[in-house]
Structures are given as C-alpha cells and as structure tokens.
Amino acid sequence: GDSYDFTNIEEKWQQYWEEEQLFETELDPDKPKHYTLEMFPYPSGNLHMGHVRVYSIGDVIARFKRMQGYNVLHPMGWDSFGLPAENAAIERDIHPNSWTWDNIANMKKQLKSLGLSYDWNREVATCHPDYYKWTQWLFLQLYKEDLAYKQESAVNWCPGCETVLANEQVVNGGCERCDTEVEEKNLAQWFFKITEYADELLEDHELLDDWPDRVKTMQQNWIGRSEGVEIKFPIDGLDEELEVFTTRPDTVYGATYMVLAPEHPLVEELTSGTEQEEEVMDFVSEMKEKDDEERTSQESEKRGVFTGGYAVNPMTEERIPILVANYVLMSYGTGAIMAVPAHDQRDFDFAKKYDLDIRVVVQPEDEEMSGDTLEEAYTDDGVIVNSGMLNGLDTDEAFDKIADYMEENNIGNKEINYRLRDWLVSRQRYWGTPIPIIYCDECGAVPVPEEELPVELPTDVEITGHGQSPLAQVDEFVNTTCPECGKAAQRETDTMDTFVDSSWYFLRYTDSGNEEEIFDSKKANYWMNVDQYVGGIEHAILHLLYARFFMKFISDLGIADAKEPFERLLAQGMVLKDGAKMSKSKGNVVDPLEIIDNYGADTARLFMLFAAPPQKDLEWDDEGVKGASRFLDRVWRVTAEYTDQIKEIDLDNLQIDNLDKSEKELYRSVHLAIKDVTEDLDNRKQFNTAISSIMELINSLYQYRDQAAEENIELIALAVKTAILLLSPFAPHITEELWSKLGQSESVHCQEWPEYKEEALKKDEITIVVQINGNVRDRVEVAPNIEEEELKELVLAQDKVQDYLTEDKELVKTIVVPKKLVNLVIQ
Ligand code: ANZ
Ligand code: ZN
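Numbers given to residues run from 1 along each chain, matching the order in which its sequence is written. The naming scheme follows written order: chains are lettered A onward, ligands numbered 1 onward. Thresholds applied to this predicted model are a pLDDT of at least 70 for local features of residues and 80 or more for the giving and counting of side-chain atom pairs; totals over whole chains, interfaces and linings are not thresholded and use all residues. Side-chain metrics rest on all non-hydrogen atoms present in the structure, leaving aside hydrogens and water.

Engineer: What exactly am I supposed to notice about the overall build of the protein here?
Structural biologist: Secondary structure elements follow DSSP: runs of H or I no shorter than four residues count as helices, runs of E no shorter than two count as strands, and numbering proceeds from the N terminus. Summing up its helical and strand segments, the protein has 27 helices and 34 strands in all. Along the three orthogonal principal directions, the C-alpha set of the protein runs to about 110 × 80 × 50 Å. Any residue under 20% of the maximum accessible area for its type is buried, any over 50% is exposed, and the rest in between are partly exposed; the area is computed with a 1.4 Å probe on protein chains only. Of all 827 residues assigned to the protein, the portion counted as buried reaches 53%. For the protein, the accessible area works out to roughly 38700 Å², and carbon and sulfur atoms hold 42% of it. Separation of charge centres in the protein, based on 79 positive and 165 negative side chains, amounts to 5 Å. Methods summary: accessible areas were calculated by the Shrake-Rupley approach with a probe of 1.4 Å, and residue burial reflects only the protein chains presented. Only four residue types enter the tally: Lys and Arg on the positive side, Asp and Glu on the negative side, with His and both chain ends excluded. Where a charge lies is defined by one atom per residue type: Lys uses NZ, Arg uses CZ, Asp uses CG and Glu uses CD.

Encoded structure:
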C-alpha cells in the first residue's frame, strides 16, 4: 500500500491549519477557557532540542484541552532584546535590528515545521515598538507609584574597553573581550522596588499548589525573610552605638565579640591614629578586592583583625572586643554582628581560630554543655542558661521576652530583614527598551508624557563595544526638550534589563493588537491566569519572581484581577546526550532540523515525549527515535489495512451485548487506553506513560486481528478511531492524515476527546490459582460468579491436574478460597 510520506503530509496539514485558522482564538464567555503557555524563546538563530521539547510539551496540553471542549489560548512570541544581538553587531557588523528579525523569521519557520498549534495572530516581539511602548508605560506607572527610583550603584567597568560590562561578560574577574581586570564603578542607576512586595510574594506561594515545591523553596531562599532584632551596643569611649542585626536575641548573653564588615564606616573611626590602623587598613583593602561570594564561600577561610575598640554588651555591661572580618557583609542587615560562637557555626570556627571566648547560653534540657569542650556550635532549640533574666526559658519564649525588653528599654527594635534586594533595571546597552525619562536642569528627572510613548530606539547607532551607553552618543536621541518647562533637556540613555520585557508578556498575548491600551481588562480577566506554564528550571528564581511581582503590581493598578500569573508550573528537564547537556562547546548537539528532515516532526515530538516524563532529564537516543518512527508506521499500516471498510461504518451500530472473549478484550483495551491517557494528561502530566497506553491499544488491535475468527469491523473501527484521537495531540500530522483518509471532513483536532465507559473496564474473568498439596501447578480463567461445584469440576478437568491424579493417587480433600485459589490434597 502507500507508505507514510511524512514530508508531504506534514507540510500539507501545516498549510491547512494555517488557512483554516484552526488555532486562532477569540474570547468566548460561554466556553471554559484554558491558557497554555511556554516560555518564549530568545531569537538566537536556530531551534535547539530544548526548544523542541518544551514546545512539544505545551502543544500536547493545548491540543488536549481544545479537544476537551476548552477555549484554548496558546500563543507564541519573542524575547528579542538582549546582548547577543549587540555582540553580533560588533563581531559581524550586522545591525542588531536586522540580526534579530532575520532570526525571528527563521525560527518561526522552524517552529511551524514542528506543527505547533499556536495562534500566530497574537505573536509579540519585545523589541517591537508596539510592544515596548507598553513596557515603557509600565515603567511610568511604577515611577508614579514610587516603585521606580534612581540611586548610585556599582557596575562592572572595563578600563580597557572603557565600557560597562554585564555580569556574564566578566570571566574570572577579567573582561571577556580584552581580558583587562574589571573594576567596580559607581553609576546612578534605576531600580524597581520589588522589596515592597517581598511579603506578598512569599505569602502567595500558598496560592500555587500546583507549582513544584523546589521552585517555591528556591524563591523563598532568594527572598530570605528573617525576623530578628536590631540591637544597639554602646561603644566604649566613643559617643556612638554599634547596631547589629540578629535573629537570635535570645543568645545576647553569649556574645563574646563583635564583628564589622570591612566596609563598615566605624572601622576607620575606631582605628584612625591607633597602632592597629595599618594592619586593619591593609586587611580592609585586601578584602575590598574580593566580591561577597568569594569572601563568604564555604571554602574561603574566615579571617579577621582586632580594631582596638570595645563595645559594651547592653545586658551584661561587659566590654567585648570589636573585630573586622571577611565573613560579615556590608550588604546585609547593618553590616555588623554580635558574635555568639557557642551557637553560630561561623562564629565558632572564627573563635577557635583566634582563641576567643566561647560561652554556652542554650543547652538541651537533659545535658550540660561547656564552651571548653564544645566541638561545634549548638544551634538547636533548648533551655537558656547563664543569661540573667532569661534563665530557664526555652528559646522561643526567650526570644519574645528579650525582644520586648529591648524595645521597652530602647536597647533594640524588632526588624524583618530580607535577602532580596531591589531590582536594578538600568543597562548601559543599546538593544533594549529605552527608559522613558528626561533630565532637565530646572525640573530634574521628568517622566516622558504617556501620549509621547514609545520613546523609539534610534536605528542609526554605532555599536563598538567601547565608551558609555551607545545611546549617549546619538545626539538626535539625547537632545530633546523638557516636557514641563520646554527648555533644552536630555534623555536617559540607559535601557531596561530584558527581564523587564518578559515580566508581563503573558498579559499582552490576551490582547496583543491593542493600540489604545496595554490590554483590554475584559480580555485579560477572561484569559488570565495562565493555566499551565511550561519552561526551564533555570528560570525558577528571577524570571518567575519578576513576573509575579509585575502581576501583583498590575493587579494593584486595578487593570487586571489576577494576583498570580501562573496557576500551574511545569519545569521540564534538560535534553542530554552521552550524559551531558547538549551544547555547542561539548560538541554533542543533535540538530532538530535534521531529525525533522529524516524522520518527520511527528516522530521527533513523539520521541521527545516518550523518552522521559516531562520533569525529568531526557537522554537523546537514536534507537529511541527509530522506535518512535516504527510505532507511527505500525499505526499507519493497521489503519491503511481497514480504511476502506471503516469508512462505511457508523459506530452507533456497534453492538456490545454479545461480544465474544477476544472482542471483549479489545473493547476493554479501547476504554482502558482512554482512561489512562486522559488521566496521564490531565493530572499527572505523564506523557510517556500516556504514549505507552496508546501503544498497548495498537498491540491489542494487532492481536485481535491475528486471532479473531471473524473480524468485528465495527469494533475495529472503534479501536482505530480511538487510537487516532488519543494520539493526535502527540503526533498531529499523521493522525490528521489518517482521520481524513477515514472519510472525515472535519479536522481530528476539532473532535471531542473520547470518554471511557466504566463498565467496559471490568475484567469479566478472574484468575484462580490451582495448587496441589500446597504447590502452585496451574491457573484457570473463570467467571467471577462461578459456583463452587462448577469450579471444582473445571479444575479437575485440567490436563495438568490430571497428570497428578495417577492411579495410585487419591484426591482426599478440596479446599476452595473464593475468587482466589483451589488447593487439591492428593495422597
Ligand atoms: C547572633 C547570632 C547567634 C546569630 C546565633 C545567629 C545564631 P539570617 O537568618 O540569614 O538572616 N548576620 C547578620 N548580619 C550579617 C552580615 N551582614 N553578614 C554576615 N552575617 C550576618 O541570619 C541572621 C544572622 O546572621 C544574624 O543572627 C547574625 O548572626 C548573622 F546563635 O546574631 B546572628
Ligand atoms: Zn524642565
């Protein structure tokens, strides 16, 4: 017969879907909606296997939900601002604009060759003025609400190229391009106050039941909320106080020394003119060359020096030495700590090294501890000792008591600290969204009036990789007039972090053509939130946190109701080859286009979805690809064999009352497959086992064909059609072709998802184990309601049993355990 010519078939149906606008969606209040979204790609040039995987996963969900009767939104677009476009400009003298749009055109073609069910009408590209106009609009709203502000902050500066470097351009402390040692330089930069939403971002994890726990945990650690007390320690001989942040005020009686971060302003004050000055300043300048991570990493040794100064413990009036050390950071808390070596491991290690006092103030209820014999810090809860008014309390009670006492006596204040910092969004880059601010000598920073948006990115720019922000060199861009007073003024020349662009794109999809507003609230409220978001675990923190922050802000603006953007999150695993992530540098890349050319998109998709559950890493396997291809061939052949007969069949004529045994088995297989595939797709998102169930159905069909004395063509029609329907989300082209060959005029993707019948799942035979003298010798299949006498007779009639009932043996007893076993005692 005709074999499966995937090249022509796949192209034909892709064209058909496009012409018929099969996947274009409109708001429909009468239908339940489902919004499936995969993280949009950066248009780097070509699709890689990771893309194929994530987009195949999303496509299965979208197609399945559509067949289940949902009005499905499944859009696609481009995260198209960013550094690689500028690098291409420098290295190959291509304008970032044309580089980006060429890549978009190319990758769009590649996505289409995978047969993905996108509503391309809603396509967005973050580098398009129609899109970034609204990114700028959001910036202005944040500015209005005091959630965008400008402040000095350090950047990586390459003295060789005389330019600011992104973190990823700094390699081992040197410039990626010229290898010059990178310096820190302070620039006034824009920040978003994400910290204002820290608590809400934490609390609303509660709404995210269907997110992986590990993602929520990572976000939690990133936000890093700590409740504690800021305690003021008077400084001996100075009219000043040293403030420290501690989460363990209950251990204040155990503080035996204080530590300042090297950058702490008190360091100079305490040491200037003293004999310690030189040693301390040498230490400080050595530390300033290392970044926070290097200073505090587990491997780097704790080091410190004495400042010569003393603080007074406000609870004991004791004088305790003040040191400077590498393990305390200026960027957290107050940049200073009280050290309690008996109960903090970092302090313990440091105290051991420098022979400082270790004083136990918490111990387990049934054990006495001493600082002299302690081998590591005791960090668990326990009973307070050696602590005046706190003695005998447990740690929690002591926390509350001392915190209240300190507040009442003006010794300290309860504080909540966050590890999370405000979001630095300024980039000294060309290929990004211009920040819509104008600087006027008279009026200061003035927001660009909304009706003047977008502030367009000029195209005539020289990108050399040298000098300040490229936009600063474009006079026609920079020079403008003040919106307030009309005098000459200058535009901001920084652009925004590309994470800003991707923090709200899911909302724009709901109304991407809107020229009047960021989106129509009615549409956003109909579609949001995203029911299923699919993407890489590498975005577990930043992108997902920023998107959640923007959603909350937009919700507070009153233009959308949703508080959370993504209802369910699926973090897909990586695509590996030979045990390693596919990457150019490892030379282990398999090109998706080659696989599509050689095997077809359906095979590529099916392999990806079958080889591993979506959340797990997937090992590329050429044999697996061939296996997927053979399976599709099997479906093709068995359908082809019956096509002419099935075409004539009306499934309503299927009689199920008088099916014989093999018919019943096939009938049961059909419904079992429906049940398993539906549950795997709906709840568990286990596409690999869903595909196995379809394979089992096809096997049953072949088995039936080989065994049936007389073929029940209605039943075969049911099995074939069901298999095609179940397979259609995974392999959309071949199923569309087979469906049309069966004489159907409407797309397989517009069919209703089949439903299983509970009664069809019942196995109407049970297996009874036959034992002779307690040993299993045989099994028989019987009706579940068989009479005991009938069962005995049947068992005795079995050949294997007869073999044991030789002339010299006698059956002395028959024991029947209903529905399970028959034991024959023979002597
Ligand atoms: C005394 C103490 C006793 C502490 C004890 C801990 C255990 P989290 O939970 O991460 O907020 N700390 C405070 N500021 C610091 C800084 N700038 N650099 C390094 N360490 C700093 O941690 C808070 C604890 O980390 C604080 O509580 C402080 O040590 C330390 F048995 O104070 B603790
Ligand atoms: Zn002005």
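Engineer: Got a minute to help me understand empty space enclosed by the protein in this structure?
Structural biologist: One simple way to see leftover space: roll a probe sized like a water molecule over the atoms. Of the grid points, spaced at 1 Å and generated over the protein atoms alone, those admitting a 1.4 Å probe that cannot get out make up cavities, while open sets with protein on both sides within 12 Å along at least five of seven lines make up pockets; any residue with an atom within 4 Å of a point is treated as lining. Grid points are joined across faces, edges and corners, and a volume is the space filled by probe spheres set on the points. Per the stated rule, a full pass over the model turns up two cavities of 30 Å³ or more. Taken as a whole, the largest cavity holds about 120 Å³ of empty space. In terms of lining residues, the largest cavity is bounded by 18 residues, among which Glu 86, Thr 163, Arg 429, Gly 465 and Pro 470 are the most central. Polar here means any residue other than Ala, Val, Leu, Ile, Met, Phe, Trp, Tyr, Cys and Pro, which are nonpolar, and Asp, Glu, Lys and Arg, which are charged; Gly is therefore polar. Of the residues assigned to the lining of the largest cavity, the class counts are four nonpolar, ten polar and four charged. Each pocket or cavity is described by its volume, and for the second largest cavity that value is around 40 Å³.

Engineer: Even after reading the chapter, I still don't get helix α17 (residues 542-557), so can you show me in this structure?
Structural biologist: Given 3.6 residues per helical turn, the α-helix brings residues three or four places apart onto the same face. Here, expected helix span is obtained from the residue count minus one, scaled by 1.5 Å. The end-to-end C-alpha separation of α17 is 22 Å, in line with the 22 Å expected for 16 residues at 1.5 Å each. In terms of burial, α17 is largely enclosed, as 13 of its 16 residues are buried. One or two positions beyond α17, positive phi appears at Gly 558, with a value near 90 degrees.

Engineer: Got a minute to help me understand the site of ligand 1 in this structure?
Structural biologist: The environment of ligand 1 is formed by 17 residues, the closest being Ser 226, Thr 246, Leu 329, Tyr 332 and Arg 419. Ser 226 is positioned with one of its side-chain polar atoms (N or O) 2.5 Å from an oxygen atom of ligand 1. Protein contacts shield 86% of the accessible area of ligand 1, which totals 640 Å² for the unbound molecule. To qualify as sitting in a cavity or pocket, a molecule needs more than half of its atoms within 2 Å of the grid points. Taken atom by atom, the bulk of ligand 1 overlaps the second largest pocket. Of all the secondary structure elements, the ones that give two or more residues to the shell around ligand 1 are β11 (241-246) and β15 (336-339). Split into classes, the residues belonging to the shell around ligand 1 amount to eight nonpolar, five polar and four charged. One heavy atom within 4 Å of a molecule or strand is enough for the residue carrying it to be called near that molecule or strand. Polar contact criterion, stated in full: a pair of N or O atoms within 3.5 Å, where within protein one must be able to donate a hydrogen and the other to accept it, and residues adjacent in sequence count only if both atoms are side-chain atoms.

Engineer: Would you mind going over the state of the cysteines with me for this structure?
Structural biologist: Disulfides are covalent bonds that link the sulfur atoms of two cysteine residues. By convention in this document, the label disulfide applies to cysteine sulfur atom pairs within 2.5 Å. By the definition in use, this model includes zero disulfides. Cys 178 supplies the cysteine sulfur nearest to Cys 158, a cysteine that is in no disulfide, at a spacing of 3.5 Å. Using a relative accessible area of 0% as the deciding quantity, one classes Cys 158 as buried. Here Cys 178 falls in the partly exposed class, since its relative accessible area comes to 35%.

Engineer: When you look at the pairing of strand β31 (residues 766-772) in this model, what are you seeing that I'm missing?
Structural biologist: Looking along a regular strand, one sees side chains alternate from face to face of the sheet. Within β31, five of the seven residues are buried, which leaves the element mostly enclosed by the surrounding structure. Bridge count for β31 against strand β32 (residues 775-782) is seven bridges, and the pairing is antiparallel. By the bridge assignment for β32, Gln 771 is matched with Val 776. Here a strand pair is declared whenever DSSP counts at least two bridges between the two strands. Between β31 and β32, which pair antiparallel one after the other, the connecting turn spans two residues, and Asn 773 there sits at a positive phi close to 50 degrees. Looking at chain direction, β31 and strand β34 (residues 821-826) are connected through four bridges and run parallel. Its bridge partner lying in β34, Ile 772 is registered against Leu 824.

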